[in-house]
Amino acid sequence: MLSGIPEIDLGIDAKIRNIEATEDSKQKLLTERMKKKSQTSFAPANMAVNYVQHSRYLQEETHLPRVKREEPPKPRPVVVGDAERPRPLSPPKKKQRKEDKATDDFHYERFKKALRRY
């Protein structure tokens, strides 16, 4: 009994007919598959049908380099008070203090000292 539905015995004749019908439909499917396989060959007659040739490959002059157009530089607009100021000859040099040093350098130095101890 499956989920509350009682099963009725149809008899041996009905079982045999179902088995024969199943076997006939299997044979029909197999013959249809064999017909389909025999109709198609491994390679199609025209292999070019399977591929697309894009228009970018149809250009004949692909070996010539492209010539870039050079545009002249655009002039800067003139603004009041935008005169060039003389640059100082040399920037003032600062002496680097330990506080100005990067923390990576500090930790690197500590690591080197720790390695020297061993």
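Residues numbered from 1 in each chain as written. Predicted model: local features only at pLDDT ≥ 70, side-chain atom pairs only at ≥ 80, totals over all residues. Heavy atoms only, no water.

A. Layout of the overall build of the chain. A count of helices and strands for the chain gives two helices and zero strands. When the 118 residues of the chain are sorted by exposure, 1% land in the buried category. Carbon and sulfur atoms provide 56% of the accessible area of the chain, an area that totals close to 14,100 Å². (Helix = DSSP H or I, 4+ residues; strand = E, 2+ residues; numbered from the N terminus. Buried < 20%, exposed > 50% of the residue type's maximum accessible area, 1.4 Å probe, protein only. Areas by Shrake-Rupley, 256 points an atom, 1.4 Å probe, with all protein chains shown as cover.)

B. Spatial organisation of the pattern of salt bridges. The final tally for this structure, using the stated rule, is two salt bridges. Among the ionic pairs, Glu 23 bridges to Lys 26, the shortest N-O distance being 3.8 Å. Of the two residues, Glu 23 and Lys 26 both sit in helix 1 (residues 12–39), three residues apart, roughly one turn of that helix. Residue Glu 23 is classed as partly exposed on the basis of its relative accessible area, which comes to 40%. (Salt bridge = Lys/Arg side-chain N within 4 Å of Asp/Glu carboxyl O.)

C. Structural context of a nonpolar patch on the surface. Residues Tyr 108, Phe 111 and Leu 115 make up a contiguous nonpolar surface patch of roughly 350 Å² in combined accessible area. Positionally, Tyr 108 belongs in helix 2 (residues 103–117). (Patch = residues over 30% accessible without salt bridge, like charges linked within 9 Å, V, L, I, M, F, W, Y side chains within 5 Å.)

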